[in-house]
Amino acid sequence: MRLAIDVMGGDQGPRAIVEGSARAVIERPDLTLTLFGPYQQIHAEIMRLPRPLAAAMSRLVASDAPDVVSSEATASWALRRGRSTSMARMLQSLARGEASAGVSAGNTGALVALARRELGMLYGISRPAISTAIPARGGRRCYLLDLGANVDSPAHRLFDFAMMGSAMAQCIDGVKRPRVALLNVGSEATKGSANVREADRLLRGCVGDLGFAYHGFAEGGDIFQGELDVVVCDGFVGNVTLKASEGLTRMLVERVQMGFESSLSGRLASLLAKPVLKRLKQELDPVRYNGASLLGLKGIVVKSHGSTRADGFYYAIQRALQEVEHNLPERIGERLLRP
């Protein structure tokens, strides 16, 4: 299996991307990664890999892309002038069938625009949605979308997001009948924006034909209760919700650690609780959930958090591999064509 990687998009520079890629290759003997960016820079980072990752070198293939989409670049700039960037070359390789999926930590707006142009959209979908899994109670996960591809979404687009999110929960997590809700400021039918209320009307009008269980409106706290599989919102709300939950998680983990370290009795208690605390930190660590899917495209593209380090990019690659193994775009396309 071969994946295409945009090496130049992350805030941490190409070293973190190359090291995360090497970790993924070491774990999967059948995996080869094509790394897009300035050839000499990529080659130098491959040669600097630490000894435990050196065996990955033969399956990390540098492909020259001289230009970079900066974090300040607009989507229109990327479409007009970005053809020789690492992001565009990665997507072009995917469009030609040279790779099964693409992963980038770069500019979100540019990635969405270039992916739409290079890969095209599934039938009936006009805009992709960004989705990721949020940890919830009982070891469950809740898929939240959109996370920033569409700042403001009309009702019909929210309807499409519900369809795509439910397909994700079915394919990746094996949920037979996903429980789907619209994110709102309250559960009452009179609350929320006109777009959300109209999307609710559309979804209720199709109950029985959707392939999922529609649960109406959900509030922000419901995302984490383990009673919903998919929560739908526009990109502005979704992005704020995701970033706030990530920040809260980090703060809580730090506070727990500080509480144990603040006194001798706390330090003694921490020795006994160390295995539990370690497991809790691993389960809640946002790094493990890095990798958001661009749903609705004809190909598989995963957006990594821009500030991620090597371990986070590794998890973004794992997300891409999961989607390849489940043939996610085809499964979503089948759902959309269902009468």
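Just above, that's the structure.
In this text, all values refer to a predicted model and were calculated from it rather than measured experimentally. Once a new chain begins, its residue numbering starts again from 1 and follows that chain's sequence as written. Local features are withheld for residues below a pLDDT of 70 in this predicted model, meaning they are given only at 70 or higher, and side-chain atom pairs are given and counted only at 80 or more; totals for whole chains, interfaces and linings count all residues. Hydrogens are left out, water is left out, and the side-chain values use all remaining heavy atoms of the structure.

## Here we look at the overall build of the protein chain
The helix and strand tally for the protein chain stands at 11 helices and 11 strands. Burial classes: relative accessible area under 20% of the type maximum marks a residue as buried, over 50% as exposed, and values in between as partly exposed (1.4 Å probe, protein chains only). Classification of the 339 residues of the protein chain by burial places 52% in the buried group. Whether two residues are in contact is decided by their heavy atoms: any pair within 4.5 Å suffices. If you take every contact in the protein chain between residues at least 6 apart in sequence, the share linking residues at least 24 apart comes to 73%. For the accessible areas, the method is Shrake-Rupley and the probe is 1.4 Å, while residue cover comes only from the protein chains on display. In the form shown here, the protein chain has an accessible surface area of approximately 15,600 Å², with 53% of it arising from carbon and sulfur atoms. Only DSSP runs of H or I reaching four residues or more are called helices, and only runs of E reaching two or more are called strands; each is numbered from the N terminus.

## Concerning the side chain of aspartate 160
Relative to the elements of secondary structure, aspartate 160 occurs in helix α6 (residues 155-173). Buried aspartate 160, no salt bridge; nearest opposite-charge side chain is arginine 157, N-O distance 6.2 Å. Not counting the four nearest positions on each side in its chain, aspartate 160 is found in contact with Gly124 and Ile125. Counted charges follow a simple rule, with Lys and Arg positive, Asp and Glu negative, and His plus the chain ends left uncounted. The salt bridge criterion pairs a side-chain nitrogen of Lys or Arg with a carboxyl oxygen of Asp or Glu, the two atoms within 4 Å.

## Considerations on the nonpolar core
Only buried residues count toward a nonpolar core, which is a set of Ala, Val, Leu, Ile, Met, Phe, Trp, Tyr and Cys residues joined through side-chain atoms within 4.5 Å. Grouped together as the largest cluster of nonpolar side chains are 69 residues, with contacts concentrated most on Leu91, Leu182, Leu203, Phe212, Val232, Leu294 and Val301. With 12 residues, the top contributor of residues to this core is α6. Here phenylalanine 212 is in contact with Ala162, Met163, Ser166, Arg177, Pro178, Val180, Leu203 and Arg335, once residues within four sequence places are set aside.

## Let's talk about the pattern of salt bridges
One pass over the structure, following the stated rule, counts 12 salt bridges. For arginine 201, the salt bridge identified is with glutamate 198, shortest N-O distance 2.6 Å. Placement of the pair is arginine 201 and glutamate 198 together in helix α7 (residues 194-205), with a separation of three residues, close to one helical turn. Via salt bridges that share partners, Arg15, Glu45 and Arg48 belong to a single interconnected network.

In short, the description is geometric, and any link to function would need to be established separately.
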